[in-house]
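# Geometric and topological summary
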Protein chains: 2
Amino acid sequence: MIEGVLLDLSGVLYVGDEPLVGAHEAIRRLFDVGVPVRFVTNTTRSPRAAILDKLARMRFSVPDETLFTAPQVAAAFVEKSGLHPHLLIHPDLRDEFTVHPPETWDAVLIGDAGQEFTYANLNAAFRLVFDGAPLLAMGYNKYFKEADGHSLDIGPFVAALEFAAGTQAKVLGKPATEFFEAAVASLGCKSAHAVMIGDDAEADVGGAIDAGLQGVLVRTGKYCKGDEDRIDPGAITVADIGAAVEWVLTNRA
Amino acid sequence: MIEGVLLDLSGVLYVGDEPLVGAHEAIRRLFDVGVPVRFVTNTTRSPRAAILDKLARMRFSVPDETLFTAPQVAAAFVEKSGLHPHLLIHPDLRDEFTVHPPETWDAVLIGDAGQEFTYANLNAAFRLVFDGAPLLAMGYNKYFKEADGHSLDIGPFVAALEFAAGTQAKVLGKPATEFFEAAVASLGCKSAHAVMIGDDAEADVGGAIDAGLQGVLVRTGKYCKGDEDRIDPGAITVADIGAAVEWVLTNRA
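Residues numbered from 1 in each chain as written. Chains lettered and ligands numbered in written order. Predicted model: local features only at pLDDT ≥ 70, side-chain atom pairs only at ≥ 80, totals over all residues. Heavy atoms only, no water.

## Some remarks on empty space enclosed by the protein
Residue and element names in this part refer to chain B. Selection criterion: Two kinds of site are reported from a 1 Å grid over the protein atoms alone, namely cavities, where a 1.4 Å probe fits but cannot get out, and pockets, open sets with protein on both sides within 12 Å along at least five of seven lines, and residues are called lining when an atom falls within 4 Å of a point. Grid points are joined across faces, edges and corners, and a volume is the space filled by probe spheres set on the points. Residue type decides the class: Asp, Glu, Lys and Arg count as charged, Ala, Val, Leu, Ile, Met, Phe, Trp, Tyr, Cys and Pro as nonpolar, and the leftover types, Gly among them, as polar.
Across all of its chains, the model carries 3 cavities of 30 Å³ or more by this definition. When its volume is computed, the largest cavity comes out at roughly 60 Å³. Around the largest cavity, the lining residues are Lys142, Tyr143, Asp199, Asp200, Ala201, Glu202, Lys222, Asp227 and Arg230. Tallied by class, the residues present in the lining of the largest cavity amount to 2 nonpolar, no polar and 7 charged.

What follows is the structure, given as structure tokens:
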């Protein structure tokens, strides 16, 4: 009864700049049977065009309208809210957001700022949040997998600001229920008939299950032994994207 | 029945480089009645000599042997443990620790590294802790008060690493019970007969109460309205160091 598929990118289709074995074949099989697919990513280090370029370079054909990114959802949320956030984001992402002058800042929007996570930048964000400004986070991922090891993602920096200011961030990317709901709406099926395939136990799989979807955890990318123990027993754990697609095809309507 | 006093420094005796009103008089009254006093600080941005110099410049006479610092307790702990920690600490503090070569690192020791809290430094610490190395923290304070506002202390960065690596730090400074026990042992009285006076609801007062001491929260320094609601109802809250010493003199043995 699976009628739609959400696919994480990094760690599921590729690691670094290398496609994972079987990923192209798996995507082709999904497209061949006509199951609607959306690609959903919390990556907030690269602009949308760079993500599409990277996928194309690795010979994944991902139509623009099937890519759901956390920055895109965050920009829409900020626009609708009328807030004027201070942006603690990666410099490459500035074009995707409206930049407001400091005297109007009434919120903090945080992405995976990478090297921009300096003491000074974090402290400036802290002072705003400490004074009551809402903290908007494009994700809550703990770490991601790079070619040379695991690296800190946005989550730890959000947790740092939450702890310091005694507040709780509003998460706009995965694992926010609203994010999954928007992606599922675009699939045109019910949440219960959609599955999220990802390598992040919390952001991808746990979040999807909390939002009423099914979840499949792949043992590639950032996956570490035991990750499945941290999530709902309802999640399925498989070797890789090939096995995950096999599961989809077996369980589709 | 108070027989000994532990006093926090910044926010209680001074803010920035300015002594707080009534602080000199309060300390003099304690010394005059002969109550043993120890000065206890989690400051890990300044070496011991700089702290003593700063106190002397502000005309607080604090004998060397009455100053208990978190780095001093941390250095003793590391020495005793036989660990070879990677040091994520303020550069000014390097002389207080043995520096071990990278190939021997089997732990991470974190202090308030200030500007040294870069993405690269935090990520290097994360990778060690993620691989199982213990995380030793010289404190867990959320923020401190500077002349121009509140600023991030060590705690949020410890929380970030704990969250990312799914681990829990061993805290060596306040609010660790061992820290308070060592300070009280030096006072020569029982914990129940010692009082900790500080401006940090968690690190100073909450920690002291958990360690069996009495706790007095002052409404100076980093204190914010409502801080007392976050701690044990056994804590006393007073206006400042003058009122805290008044309480000590009323309740002493």
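## Notes on the sheet that holds strand β1 (residues 4-7) of chain B
Two orientations exist for strands paired in a sheet by backbone hydrogen bonds: parallel and antiparallel. Residues and elements named next belong to chain B. For clarity, the cut-off: In short, DSSP must find at least two bridges between two strands for them to pair. Helix and strand definitions here come from DSSP, where helices need a minimum of 4 consecutive H or I residues and strands a minimum of 2 consecutive E residues; each element is numbered from the N-terminal end. Each axis is a line fitted through C-alpha atoms, taken for helices only over the stretch in contact, and angles between the N-to-C directions span 0 to 180 degrees. Contact criterion: two residues are considered in contact whenever any of their non-hydrogen atoms come within 4.5 Å of each other.
Spatial ordering of the open sheet is given by β5-β4-β1-β12-β13-β14, a layout of 6 strands whose pairing is parallel. Each end of this open sheet is capped by a strand with a single partner; those strands are β5 (67-69) and β14 (236-238). Strand-to-strand twist across the sheet, computed as the mean angle between neighbouring axes with direction ignored, equals 25°. Relative to strand β4 (residues 37-41), β1 runs parallel, the two being bridged by 3 bridges. For Leu7, the partnering residue across the bridge sits in β4 and is Phe39. Sheet strands touched by helix α2 (residues 48-57): β4 and β5. Its angle to β5, the strand with the most contacts, is close to 135°. Set on the sheet, helix α6 (residues 177-187) makes contact with β1, β4, β5 and β12 (194-198); between it and β4 the angle comes to about 160°.

## Here's the deal with the pairing of strand β9 (residues 143-146) of chain B
All names here are of chain B. In the sheet, β9 pairs with strand β10 (residues 149-152) via 4 bridges, with the strands oriented antiparallel. When the bridges of β10 are listed, Tyr143 appears paired with Leu152. Counting the residues in the hairpin turn of β9 and β10 gives 2 residues.

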